[in-house]
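These are the residues of each chain, in order.
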Amino acid sequence: MAASALDAVRTRSPPAADEGCRALHDGRRSSRPGSHRKFSAPRHGHLGFLPHKRSRRHRGKVKTWPKDDPSKPVHLTAFLGYKAGMTHILREIHRPGLKVSKREEVEAVTIVETPPLVVVGVVGYIETPRGLRNFKAIFAEHISDECRRRFYKNWHKSKKKAFTKYCKKWQDEAGKKQLEKDFAVMKKYCKVIRIVVHTQMRLLPLRQKKAHVMEVQLNGGTVADKVDWAHEKLEKQVPVHSVFGQNEMIDVIGVTKGHGMKGVTSRWRTKKLPRKTHKGLRKVACIGAWHPARVGYSIARAGQKGYHHRTELNKKIYRIGCGMHVEDGKVVKNSASTNYDTTEKTITPLGGFPHYGEVKNDFLMLKGCVVGTKKRVLTLRKSLLVHTSRKSLEPIELKFIDTTSKFGHGHFQTAQEKRAFMGPQKKHLLKGKPETQEEL
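Parameters at a glance
Residues numbered from 1 in each chain as written. Predicted model: local features only at pLDDT ≥ 70, side-chain atom pairs only at ≥ 80, totals over all residues. Heavy atoms only, no water. Helix = DSSP H or I, 4+ residues; strand = E, 2+ residues; numbered from the N terminus. Rg over C-alpha atoms; globule rule 2.2 N^0.38 Å. Buried < 20%, exposed > 50% of the residue type's maximum accessible area, 1.4 Å probe, protein only. Salt bridge = Lys/Arg side-chain N within 4 Å of Asp/Glu carboxyl O. 1 Å grid on protein atoms, 1.4 Å probe; cavity = no way out; pocket = protein on both sides within 12 Å on 5 of 7 lines; lining within 4 Å. Points joined across faces, edges and corners; volume = space filled by probe spheres on them. Nonpolar A, V, L, I, M, F, W, Y, C, P; charged D, E, K, R; others polar. Polar contact = N/O pair within 3.5 Å; in protein donor to acceptor, adjacent residues only side chain to side chain. Axes fitted to C-alpha atoms, helices over the stretch in contact; angles between N-to-C directions. Left-handed = near helix turned anticlockwise from the far one by under 90°. Contact = heavy atoms within 4.5 Å.

**Student:** Sorry if this is basic, but what is going on with the overall build of the protein here?
**Tutor:** Of regular secondary structure, the protein possesses 9 helices and 17 strands. Over its C-alpha trace the protein gives a radius of gyration of 29 Å, far above what one expects of a compact globule, namely 22 Å for 440 residues. If one aligns the C-alpha atoms of the protein with their principal axes, the spans along those axes are about 100 × 75 × 70 Å. Scored against the burial criterion, the 440 residues of the protein give a buried share of 40%.

**Student:** Is there a simple way to think about the environment of Lys38 in this case?
**Tutor:** Considering the arrangement of structural elements, one finds Lys38 in the loop between α2 (16–26) and β1 (75–76). Expressed as a C-alpha distance, the spacing of Lys38 and Pro292, which sit 254 residues apart in the sequence, is 23 Å.

**Student:** Quick question: what am I supposed to make of the pattern of salt bridges here?
**Tutor:** Pairs can form between side chains of opposite charge once their charged atoms are near each other. Evaluation of the coordinates by the stated rule reveals 17 salt bridges. Of the charged contacts in the structure, one is a salt bridge between Glu107 and Lys367, with a shortest N-O distance of 3.8 Å. Of this pair, Glu107 sits in strand β3 (residues 104–113) while Lys367 sits in strand β15 (residues 363–367), placing them 260 residues apart in sequence. Between Asp402 and Lys406 there is a salt bridge; the shortest N-O distance is 2.5 Å. The partly exposed category is assigned to Lys406, whose relative accessible area is 25%.

**Student:** What exactly am I supposed to notice about empty space enclosed by the protein here?
**Tutor:** Over the atoms, a rolling probe the size of a water molecule traces out where space has been left empty. Across all of its chains, the model carries 1 cavity of 30 Å³ or more by this definition. In this model, the largest cavity occupies a volume close to 60 Å³. If you trace the largest cavity, you find it lined by Cys322, Gly323, Met324, Val332, Lys333, Asn334, Ser335, Thr346, Ile347, Val359, Asn361 and Phe363. A breakdown of the residues in the lining of the largest cavity according to their chemical character gives 6 nonpolar, 5 polar and 1 charged.

**Student:** Is there a simple way to think about unusual backbone geometry in this case?
**Tutor:** Among all residues save glycine, negative phi is the norm, and among peptide bonds the norm is trans. Here Leu50 and Pro51 are connected by a cis peptide whose omega angle stands at -5 degrees. With respect to the helices and strands, Pro51 occurs in the loop between α2 and β1. Between His291 and Pro292 the backbone carries a cis peptide bond, its omega angle lying at 5 degrees. For Pro292, the position within the fold is in the loop between α6 (264–268) and β11 (303–305). A positive phi angle is found at Arg269, which is not glycine, with a value near 60 degrees. Despite not being glycine, Lys375 has its phi angle at roughly 75 degrees, a positive value. In this fold, Lys375 is placed in the loop between β15 and β16 (377–382). Since its relative accessible area comes to 43%, Lys375 is described here as partly exposed.

**Student:** Got a minute to help me understand the environment of Asp68 in this structure?
**Tutor:** Within the fold, Asp68 resides in the loop between α2 and β1. Overall, Asp68 belongs to the partly exposed group, its relative accessible area being 31%. Note: C-alpha distance between Asp68 and Pro115 (47 residues apart in sequence) is 26 Å. At a separation of 2.7 Å, a polar atom in the side chain of Asp68 contacts the main-chain amide nitrogen of Gly220.

**Student:** How should I be thinking about the packing of helix α4 (residues 173–189) against helix α5 (residues 223–233) in this particular structure?
**Tutor:** How two helices pack is summed up by the angle between their axes together with the distance between the axes. Put simply, α4 and α5 touch, their axes get as near as 8 Å, and they point 150 degrees apart. As α4 packs across α5, the resulting crossing turns out to be right-handed. Across the interface between the two elements, Phe183, Met186 and Lys187 of α4 pack against Val223, Ala224, Val227, Asp228 and His231 of α5. For the contact of α4 with α5, the class distribution of residues is 5 nonpolar, 1 polar and 2 charged.

Structure below.
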């Protein structure tokens, strides 16, 4: 009797409820009668972005470069910037034929600070049956400490010897001959030329001193033209306006804002279960059928949310702004002025960008939002496509750029406007008093 009962347990098939779970899971009707799904729905989350785990790199990596066109002059194809924050602008739409044409529109924009990059090296690649291979790398004579910090885990405890022997190549005759030979070999054999650039952290309002170093591909001209261009630019600065232009469409590559460990409701946006559900309702009710006796990769599960590497296409440049500079003996601070709003004001809002500070260098104003948190380093790449749509070719003329405080309900565009309305505050009165020292 006991044996027959045990055999019955062993040979019993999964209950119909589990077949219903299978149907619930994959959104199709079960082959077994009496079990079907009442409503079908699209799955939660895109399987193309799996695995949802933390990015291995903090700086966005360019995985595809724009196609080279030898008929164009030599130019860079990417740049590095730092996300400062967001504001909004007012502009007039110029697209004839649309109902909204010639109407004013308020749009959100992101400010990305882009101090000039410094060229410190050139790398040549040759083509092999298995793809590109690094053939020759040449570095500059003088490399700043903020770049050399990148080659150390702990700069403070190190001997700081990076590139101290290499730079002697540029000083003696034998070394100079070898460098000339290397440049000549690079021109002869290489098919792709990239330059090594680093950011200038001392110009930014960040605590970090270690520069971000990156290889950027050179496009346009012959290989010899590219090598000569790179040789000439060694140890020199490259500004952002020499890489991108007004109204251009670019791609932004970066790492998204991290959110840590999250459940399925937050991570995959699955539907919450009814209120009275036993042992919690922010769960997935069925994680698959009885057989196969495994949890499929496509099932929504708890885990890491955010800090993923992403490439965002087609971000339009609304303005390439200049930082504070001296012109004719005067400090020019009108990076947020327009033809309609001639108030002299910088792009930094009152009180600075929250969690960032002041933008004192060149910057890009991009339409909409970009990935990452404030201070995050972003890779800005030229578009891989040839844009022909009217929306992408539309000329942008800004009427107004908002510079009110982003830390509360901002009412004033400039500090002068605030003081004219509110009168002198205590800090102004204290600043105006002469400092008196009491004698002991």
